[in-house]
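The lines below spell out each chain.
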Amino acid sequence: MRSQLLTRTTQPLRATTLSRQSFQQSFRRSYADAAAPEAPKPRRRFRFLRWAWRLTLLSGLGMAGTVAYSIYELRHPAEQVEPDPNKKTLVILGSGWGSVSLLKKLDTENYNVIVISPRNFFLFTPLLPSCTTGLIEHRSIMEPIRNILRQKKGRVRYYEAEATKIDAEKRVVYISDDSEVKGDVSHTEVPFDMLVVGVGAENATFGIPGVKEHSCFLKEVGDAQKIRKRVMDCVETAIFKDQTEEEVKRLLHMVVVGGGPTGVEFAGEIQDFFEEDLKKWVPEIKDNFHVTLVEALPNVLPMFSKQLIDYTESTFKEEKITIRTKTMVKNVTDKFIEAEVTNPDGSKALEKIPYGLLVWATGNAVRGVVRDLMNQIPAQKTSRRGLAVNEYLVVNGTENIWAVGDCAVTNYAPTAQVASQEGAFLARLFNTMAKTEAIENDLKVLSTEQAQAKTEEDRNRVFDLIKERQKQLRRTKQIGPFQYSHQGSLAYIGKERAVADISWLSGNIASGGTMTYLFWRSAYLSMCFSTRNRVLVALDWTKAKLFGRDVSRE
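Looking at an unreviewed UniProt entry, one finds the protein named NADH:ubiquinone reductase (non-electrogenic), with Paecilomyces lecythidis as its source organism. As its UniProt record puts it under Sequence similarities (unreviewed entry), the protein is described as follows: "Belongs to the NADH dehydrogenase family."

Visitor: Would you take a moment to explain the UniProt feature "transmembrane region" (unreviewed entry) in the protein for this structure?
Guide: Under the UniProt annotation, the feature "transmembrane region" (unreviewed entry) is placed at residues 51-72. Along residues 51-72, the helical share is 100% and the strand share 0%, with 31 Å between the first and last C-alpha atoms.

Visitor: Hey, could you run me through the packing of aromatic side chains in this one?
Guide: Two numbers describe a pair of aromatic rings. These are the distance of the centres and the angle of the planes. Taken as a whole and assessed by the stated rule, the structure comprises 15 aromatic pairs. With a centroid separation of 4.9 Å and 80° between ring planes, the pair formed by W402 and F430 is classed as edge-to-face. With W402 in strand β21 (residues 401-403) and F430 in helix α12 (residues 416-452), this pair connects stretches of sequence that are 28 residues apart. Each member of the pair, W402 as well as F430, is classed as buried. Ring centres of Y412 and F482 lie 5.9 Å apart, and the angle between their planes is 85°; this geometry places the pair in the edge-to-face category. Highlighted residues: Y412 in the loop between β22 (408-409) and α12 and F482 in the loop between α13 (456-476) and β23 (488-494), separated in sequence by 70 residues. Look at Y412 and you get partly exposed, because its relative accessible area is 30%. Of note, R54 hangs over the ring of W51, and the distance from its end group to the ring centre comes to 4.9 Å. Between K104 and the ring centre of F529, over which it is positioned, the NZ or CZ distance is 5.0 Å.

Visitor: I'm lost on the pattern of salt bridges in this one. Help?
Guide: Where charged atoms of side chains with opposite charge meet at close range, the side chains can pair. Applying the stated criterion across every chain, the model contains 18 salt bridges. Between E276 and R549 there is a salt bridge, and its shortest N-O distance comes to 2.9 Å. With a gap of 273 residues between them, E276 in helix α9 (residues 261-281) and R549 in the segment after α15 (531-547) connect regions that are remote in the sequence. On the basis of relative accessible area, E276 is assigned to the partly exposed category, the value being 35%. Ionic pairing is found between E340 and K348, a salt bridge with its closest N-O pair at 3.9 Å. Of the residues examined, E340 reaches a relative accessible area of 25% and is grouped as partly exposed.

Visitor: Is there a simple way to think about the environment of K153 in this case?
Guide: Here K153 shows up in the loop between α5 (145-150) and β5 (157-159). Taking the C-alpha atoms as reference, K153 lies 9.6 Å from P77; in sequence the two are 76 residues apart. The contacts of K153, once residues within four sequence positions are left out, are E79, Q80, V81, T108 and E109.

Visitor: What am I meant to see in the sheet that holds strand β8 (residues 187-191) here?
Guide: What links the strands of a sheet is backbone hydrogen bonding, and the strands pair in either a parallel or an antiparallel sense. A sheet is described by the order of its strands in space; here three strands give the open sequence β6-β7-β8, paired in antiparallel fashion. Looking at which strands have only one partner, the edges of the open sheet turn out to be β6 (162-167) and β8. Across this sheet, the average inter-strand angle for adjacent strands is 25°, counted without regard to direction. By the bridge criterion, five bridges tie β6 to strand β7 (residues 172-176) in an arrangement that is antiparallel. Of the residues in β7, the one forming a bridge with A163 is I175.

What counts and how
- Think of each chain on its own: its residues are numbered from 1, step by step along the sequence as written.
- Reporting in this predicted model follows two pLDDT cut-offs: at least 70 for local features of residues, and 80 or more for side-chain atom pairs to be given and counted; totals over whole chains, interfaces and linings ignore these cut-offs and use all residues.
- Side-chain numbers here rest on the full set of heavy atoms in the structure, without hydrogens or water.
- UniProt positions are given in the numbering used here, feature names are shortened, and annotations may be inferred rather than shown by experiment.
- Going along the chain from the N terminus, every DSSP run of H or I of four or more residues is numbered as a helix, and every run of E of two or more is numbered as a strand.
- Put simply, two rings from Phe, Tyr or Trp (the six-membered ring, in Trp's case) pair if the centres are within 6.5 Å, and we call them stacked under 30 degrees between planes, edge-to-face over 60, tilted for the rest.
- For each residue, the accessible area found with a 1.4 Å probe, counting protein chains only, is set against the maximum for its type, and the residue is called buried under 20%, exposed over 50%, and partly exposed in between.
- Both a distance and an angle decide whether a charge sits over a ring: NZ of Lys or CZ of Arg must be within 6 Å of the ring centre and within 35 degrees of the ring normal.
- In the sections that follow, a salt bridge refers to a side-chain nitrogen of Lys or Arg positioned within 4 Å of a carboxyl oxygen of Asp or Glu.
- Contact definition: two residues touch when any of their heavy atoms are within 4.5 Å.
- If DSSP finds at least two bridges between two strands, the strands pair.
- For helices, the axis comes from a line fit to the C-alpha atoms of the stretch in contact; other axes are also lines fit to C-alpha atoms, and the angle between any two N-to-C directions lies between 0 and 180 degrees.

Spelled out as structure tokens, the structure:
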């Protein structure tokens, strides 16, 4: 009885205790849920950087793969098709911008192609001024001509020789091997059905006495190497013991004649060489080293806009490069030039300008082999600057001779850009001519088949093929005359600055400064002929930035 009473008494207490505990737990849970902050969401601020890094990595891998594949292709060329004696012989003279651009795009299976040039490489001339100071090694801007020819589908023959005479009537080119190693045959002749003259031009001296004997040109690799040695000879001779102050100033005076892109870029490069390297390693010359740019016209870079000309002149003034405009050289000796200077009042005076190094970077002159060909053709009698050509680059007075580059006279300036586009145009023209000839031969065969067809069905089948070939023939013949598309002009002016006059849509964009210099570098790097050249040039720039230019003589 007592136990039952206790049970009845404790049951309400136990129920009350359980309900109180449940309430407390529920309260604590609700309080905790209310008081606890929300779980932090994952931060997204760095997600963009992660994706940017991934894209950069993928781009880098893709670029590395492209470069590796290009190198593999260059190192493992495919087998070539042997020349067909039944096809026409196309002879190309020269290995410059026009000739190499033609070879690059020409389908060599359509012709028996022969290349003749005394220079067995293509030279990327826009970077030649950089070679004079050691910023870029000369082999980095040279592409062996055999590398180019070996990549073609049809085999191309190459002769390292100089064309001494072209007989337009006999269709023969006479060539001479001028190498130091002589064989049994050093003079021979090469017959042609089609001829492309792309021998370039010589340096124009304008008949000024002493120019050939005492000045350095800047057109070939040998010129850049000669200038590099001459600069260091001037420096070392200037600090020779007991040298007079007047002689030191003469030896360290670098004079550039010609205010075009080549002259301006060389002046900027040589001043950079002095500021960044020479005066650091040879401090004795820092007070006497000086660069002067001589130009007969009223201003430098006449092909650029007035804004960029003013910017170039102000930059040169900041770099302490002297610009002597309206100054015409009349005579050159081994130690000074005599120049006629036009004063602001219009009067003229003769002045002697001493120099240690004289770089001649003026216009072009006609080569002897081109002049001889001009004398053979009556239609060329009135031409003076080179071979006059028509709108299809055919030499006037001939039917099977074409001319490209500096040896051809067109309505455009003789620049690498013009020559390159002329070569590409000729490649399209020759490819079209080959296709046209093949289609015409097919039409002759089909016409014979139609005449010999025995049934109506056969005649209709052949007739359909004839109509199809005629449509192809009309499409193939739709190639217009050569039209030059100006992409713009670039020039390096020193102190990591450049000027650019770029064609854009219907107008031009003129800019100058450090960003333009970066664009100048990227543009020239992309224009290099092969992946090999691009890699070598980029490595040279990096090496010069890390270790400076080499100040040794060789």
